[in-house]
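Next come the chains, spelled out residue by residue.
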Amino acid sequence: MNATESHSSKQQSHLGHTPRENSLKPERLVSLDGLRGFDMFWIIGGEAIFKGLAKVFPGRVATTGVEQLEHVAWEGLHYYDVIWPLFMFMVGVSISFSTSKRKAMGVGTKALYFHAGRRAIILFLLGMIAQGNLLDFDLSKLHPCYSVLHGIGAGYLIASIVSLNFRPVGQTAVTAGFLLLYWGLLMVIPVPGFGTGVLTPSGNAAAYVDRLILGRFHYGTNTWFLSYLGFASSVLIGVLAGELFLSGRPARVKCIRLFGAGLGALVLGLVWSIWLPIIKLLWTSTFVLVAGGLSCLLMGAFYLVIDVLAFRKWAFGFVVIGTNSIAVYMAVMLFDFRHIGNIFVRSLLPRVGVWSSFVEASAAFAVLWLILFWMYRTRTFVRI
């Protein structure tokens, strides 16, 4: 959530904090910014670059890779379906770090609640701007609940409240309760014309509740209000990972626990999917567990390589992206950076044949990354 909250302590020392202030701050993870940047890379250019390469080198590997960069129509899971829950997981990690830092600085509980509420509202408004057509100023086109940022904001707010009221054991219990409750609601709420327990795009209970609440503003096949339980659970898994990082345990133990939790959640989700399918658009409890398990494994791998083994240079490009994740997401939602990239490669594109898509996508990404690099070097971090 907060682009600066996962910077290394070395970076933070340049800000001129006193030793007393620095002593209040929890250990910071370069790996968190690296993983966040890796996640965002696919949204802001990686997908287009890979698909461009697939045209140059067609074959089974390219076809499989392109397929993994598309969302599944309904049931199942592709790599691209993990990008959103992975970001929500990292939001949860940041909640633990931010809350710990603010408490150490003497910030009261009421102020923490206000801070979380303000951020959630800003995320909701940004979501309406990015994907809800708010700036069209036309009610017939407005989609108030049709945005990745809406889901992140809801999950963030609920998870923040839980983290302020429960220790890790309680957080685990609440997460399990949310997952079981959501499953139960999907199974028992009767949907007119369909009955109970139906999990089709138009016949599921979550979509039915959304239609009741939103009326004519209901749009798309993503579900929201019942899915808040799933959104919050995805963030809470990250909160638990953050609590592990903040503990005094050795780095080796942290890695083992992250990998163990990831494998455990993955297996549990796959077994549970026998009865409850993995459906991203519904954000089912099984989807939460499988995506959360994969998130733990990725976080563990980045933490081990970057923070424990100190192999960091390779991740610098991702760190540059990860330190301004919300800003770059809004940028690509509102503007097509190919317009700028094509200034430099437009005359080249007709000459490179099958490479044209790759060159165009790479130029657009290069422009965006250089802007982010300038922001990184000038310590311009957009915070909400």
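Nothing here was measured: the structure is a model prediction, and the numbers come from that model. (Residues numbered from 1 in each chain as written. Predicted model: local features only at pLDDT ≥ 70, side-chain atom pairs only at ≥ 80, totals over all residues. Heavy atoms only, no water.)

Along its length, the protein carries 16 helices and 0 strands. In terms of overall size, the protein behaves like a compact globule, its C-alpha atoms giving a radius of gyration of 21 Å where 384 residues would be expected to give roughly 21 Å. Along the first, second and third principal axes, the C-alpha atoms of the protein reach 60 × 55 × 45 Å. For the protein, buried positions account for 52% of its 384 residues. Sequence-distant contacts, at least 24 apart, represent 70% of the contacts inside the protein between residues at least 6 apart. With the model as given, the accessible surface of the protein reaches about 17,400 Å², and the carbon-plus-sulfur share is 67%. If the 31 positive side-chain charges of the protein are averaged to one point and the 17 negative ones to another, these points end up 9 Å apart. (Helix = DSSP H or I, 4+ residues; strand = E, 2+ residues; numbered from the N terminus. Rg over C-alpha atoms; globule rule 2.2 N^0.38 Å. Buried < 20%, exposed > 50% of the residue type's maximum accessible area, 1.4 Å probe, protein only. Contact = heavy atoms within 4.5 Å. Areas by Shrake-Rupley, 256 points an atom, 1.4 Å probe, with all protein chains shown as cover. Lys, Arg positive; Asp, Glu negative; His and termini not counted. Charge placed at Lys NZ, Arg CZ, Asp CG, Glu CD.)

Now for the pattern of salt bridges. Counted under the stated rule, the structure contains 5 salt bridges. Note that Lys51 and Glu70 form a salt bridge whose closest N and O atoms lie 2.5 Å from each other. One end of the pair, Lys51, is in helix α3 (residues 30-56); the other, Glu70, is in the loop between α4 (60-68) and α5 (83-104), with 19 residues separating them in the sequence. The partner of Asp307 in a salt bridge is Arg312, with the nearest N and O atoms 3.6 Å apart. Classification of Arg312 by relative accessible area gives partly exposed; the value is 39%. A cluster of three or more residues bridged by salt bridges with shared partners is formed by Glu47, Lys51 and Glu70. (Salt bridge = Lys/Arg side-chain N within 4 Å of Asp/Glu carboxyl O.)

Take helix α14 (residues 325-334) next. Helical periodicity: at 3.6 residues per turn, an α-helix aligns residues three or four positions apart in one direction. When we look at burial in α14, the residues that qualify are Ser325, Ile326, Val328, Tyr329, Met330 and Val332. Where the residues of α14 are buried, they touch α3, α5, α6 (109-130), α7 (148-165), α13 (316-322) and α16 (356-377).

Glycine aside, the phi torsion of most residues is negative, and most peptide linkages are trans. Its identity is not glycine, yet Phe137 carries a phi of approximately 50°, on the positive side. Positionally, Phe137 belongs in the loop between α6 and α7. At Arg379, a residue that is not glycine, the phi angle is positive and equals roughly 55°. The residue Arg379 is located in the segment after α16 in this model.

Under the definition given, this model contains 0 disulfides. Among the cysteines around Cys255, which has no disulfide bond, Cys296 carries the closest sulfur, lying 12 Å off. Looking at Cys255, the relative accessible area reads 6%, which means it is buried. (Disulfide = S-S within 2.5 Å.)

What follows is about the environment of Leu157. Tracing the backbone through its elements, the reader meets Leu157 in helix α7. Here Leu157 falls in the partly exposed class, since its relative accessible area comes to 29%. Along the backbone, Leu157 and Trp42 are 115 residues apart, and their C-alpha atoms lie at a distance of 26 Å.

Attention shifts here to a nonpolar patch on the surface. Residues Val267, Val271, Ile274 and Trp275 make up a contiguous nonpolar surface patch of about 440 Å² in total accessible area. Mapping Ile274 onto the fold places it in the loop between α11 (251-272) and α12 (285-308). The class for Ile274 is exposed, based on a relative accessible area of 62%. (Patch = residues over 30% accessible without salt bridge, like charges linked within 9 Å, V, L, I, M, F, W, Y side chains within 5 Å.)

Another aspect to go through is α6. Compared with an ideal rise of 1.5 Å per residue, which puts 22 residues at 32 Å, α6 spans 31 Å between its outermost C-alpha atoms and is within 8% of the ideal. All of the buried residues along α6 are Leu112, His115, Ala116, Gly117, Arg119, Ala120, Leu123, Leu126, Gly127, Met128 and Ala130. Close packing links the buried residues of α6 with α5, α7 and α14. (Expected span 1.5 Å × (residues − 1).)

Right, let's talk about the packing of aromatic side chains for a bit. If you walk through the whole model with that rule in mind, you get 27 aromatic pairs. Taking the centre distance of 5.9 Å and the plane angle of 65° together, the rings of Phe41 and Phe318 count as edge-to-face. With a gap of 277 residues between them, Phe41 in helix α3 and Phe318 in helix α13 connect regions that are remote in the sequence. Here the aromatic residues Phe38, Phe41, Trp42, Tyr79, Phe302, Trp314, Phe318 and Phe365 are joined through ring pairs into a cluster of three or more. (Phe/Tyr/Trp six-rings, centres within 6.5 Å; stacked < 30°, edge-to-face > 60°.)

When you line up the elements, Ser357 lands in helix α16. Classification of Ser357 by relative accessible area gives partly exposed; the value is 23%. Between the C-alpha atoms of Ser357 and Ala54, which are 303 residues apart in sequence, the distance is 9.7 Å. In this view, Ser357 contacts Gly52 and Lys55; residues no more than four positions away in its chain are not counted.

To continue, consider the confidence of the model for the protein. Any residue range with low pLDDT should be treated as having predicted coordinates unsuitable for detailed reading. Across the protein, the average pLDDT comes to 92, with 93% of residues at 70 or higher. Taken together, the stretch residues 1-25 has pLDDT below 50 and engages in 52 contacts with residues farther than four places along the chain or on a different chain. (pLDDT = per-residue confidence, 0-100.)

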